[in-house]
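Residue-level listing of the chains:
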Amino acid sequence: MSDTKPTFGHVPVMLADTLEYLVPPKPDCLMIDGTLGLAGHSSAFLSRYPGLRLIGVDADTEVQAIARARLEPYGVRVRFENRYFDDFFIEYAAQVQAGTAERPGLVLFDFGVSMFHFRESGRGFSLQGDEALDMRLSPNAPRTAADLVNELDERELFRIISTYGEEPFAYKISQAIARERRAARIDSTARLADIIKGTVPSKVRYGRIHPATRTFQALRIAVNDELGRIERGLAAAVECLAEGGIVGCISFHSLEDRIVKLLFRSKAVKRERAYFKEEQEAPIPLGEAERGLVVLTKRPVEPADDEVAANPASRSAKFRVAKAVGGGQ
Ligand SMILES: C[S@@+](CC[C@H](N)C(=O)[O-])C[C@H]1O[C@@H](n2cnc3c(N)ncnc32)[C@H](O)[C@@H]1O
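Values in this document were obtained by computation on a predicted structure and should not be read as measured data.

As a further point, take the sheet that holds strand S2 (residues 53-57). Hydrogen bonds along the backbone pair up the strands of a sheet, which may run parallel or antiparallel. Pairing is mixed across the open sheet formed by seven strands, whose spatial order is S3-S2-S1-S4-S5-S7-S6. In this open sheet, the two strands that pair with only one neighbour each are strand S3 (78-81) and strand S6 (292-295). Averaged over all neighbouring strand pairs, the angle between strand axes comes to 20 degrees, with direction disregarded. For S2 and S3, the ladder comprises four bridges, and the chain directions are parallel. Residue pairing for S3: Gly56 is matched across the bridge by Phe80.

As structure tokens, this is what we get:
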């Protein structure tokens, strides 16, 4: 079976690019997939590299159950962690420091949610049908989308919708939500979508994309603290990597990509600097210097036109990759 073919009706985004850039530094190394999802990427790596072992992290229990079934043929090569990836990597980094956990040679993130969430979860991610306004990946998230919509201060709602949704009508939408919730609590996706539809100009109301799409995206990001988790999780993951280990991040939102770009930039070193600490004459061995990154993608890699045509969900993807130098074996 080709390892780039989709199964379970799920098409992993930029799979060929991830396989091209994330080459295991050692044949039997450990890979951590921070966003296992339906294991599209992970199964391709496990099938291509028979010595590879994997830890698959996902906050969503239902999604992870599907991944477990899919990865069953790989047996003890795979371990599952049903947690948010920032919590996982922060704890894992402490174990690595203490010498009780193995440094991964590969780390992959494919941020956001999957088609499963929109089509099958019934948890309020979708604008089709009518579902409870939840949007939590894990029941451990403290607040649902309905909690935010009904309880947040109007100005905070505006900030979330305009920043995370990049919604030009955020002001009108947050005003309408604040007005309508006084009449009755907003608990369903259909009611929220109707409120938004009734607020935006008619040109937008009947446009190409549903007028509530950006607000729904914004609420999902806020409910799951997606950006904060990327910031904390990626920083900890970089510290965990083995010398020569590679981290790849696929982002779908400009704010996600910005976090990756800035973190990579803040750790970026030229290859030689890893061998000579500044102002020191004697070279210090690689591995003892501070953790740095050699950025392998000067600009983010984007999906090819034929991938976007075959899988429109990939159209906003941006892929950045960096290699770890210094900071421990
Ligand atoms: C885009 S999907 C990944 C798809 C996967 N690469 C594949 O090929 O099947 C993102 C997955 O990451 C999970 N996720 C998103 N944010 C997370 C976080 N902060 N911690 C753990 N899992 C997260 C979601 O539940 C979802 O299953």
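Structure shown, so let's carry the discussion forward.
What follows is about the pattern of salt bridges. Applying the stated criterion across every chain yields a total of 20 salt bridges. With a closest N to O distance of 4.0 Å, Asp153 and Arg155 form a salt bridge. Between Glu180 and Arg191 there is a salt bridge, with its nearest N and O atoms 4.0 Å apart. Of the two residues, Glu180 is situated in helix H8 (residues 170-183) and Arg191 in helix H9 (residues 189-197); the sequence distance between them amounts to eleven residues. For Glu180, a relative accessible area of 28% puts it in the partly exposed group.

Here we take up the domain arrangement of the protein. Split into domains, the protein comes out as domain 1 (15-114 + 226-325) and domain 2 (142-223). Opposite the seven residues of domain 1 that make contact, domain 2 presents six residues. Between domain 1 and domain 2 lies a buried interface of about 590 Å² when both sides are counted; carbon and sulfur atoms form 51% of it. If you sort the residues of domain 1 by the area they bury against domain 2, Glu226, Leu227 and His253 come out on top, with a joint share of 65%. At the boundary of domain 1 with domain 2, the tally comes to one salt bridge. Across the salt bridge formed by Glu226 and Arg220, the nearest N and O atoms sit 2.8 Å from each other. Contributing elements (two or more residues each) for the side of domain 1 that touches domain 2: helix H12 (226-240) and helix H13 (254-267). Looking at side-chain class alone, the side of domain 1 that touches domain 2 contains three nonpolar, three polar and one charged residues.

Criteria and cut-off values
Residues numbered from 1 in each chain as written. Predicted model: local features only at pLDDT ≥ 70, side-chain atom pairs only at ≥ 80, totals over all residues. Heavy atoms only, no water. Pairing = 2+ DSSP bridges. Helix = DSSP H or I, 4+ residues; strand = E, 2+ residues; numbered from the N terminus. Axes fitted to C-alpha atoms, helices over the stretch in contact; angles between N-to-C directions. Salt bridge = Lys/Arg side-chain N within 4 Å of Asp/Glu carboxyl O. Buried < 20%, exposed > 50% of the residue type's maximum accessible area, 1.4 Å probe, protein only. Domains from an automatic or database assignment. Contact = heavy atoms within 4.5 Å. Buried area = accessible area lost by both parts, 1.4 Å probe. Nonpolar A, V, L, I, M, F, W, Y, C, P; charged D, E, K, R; others polar.

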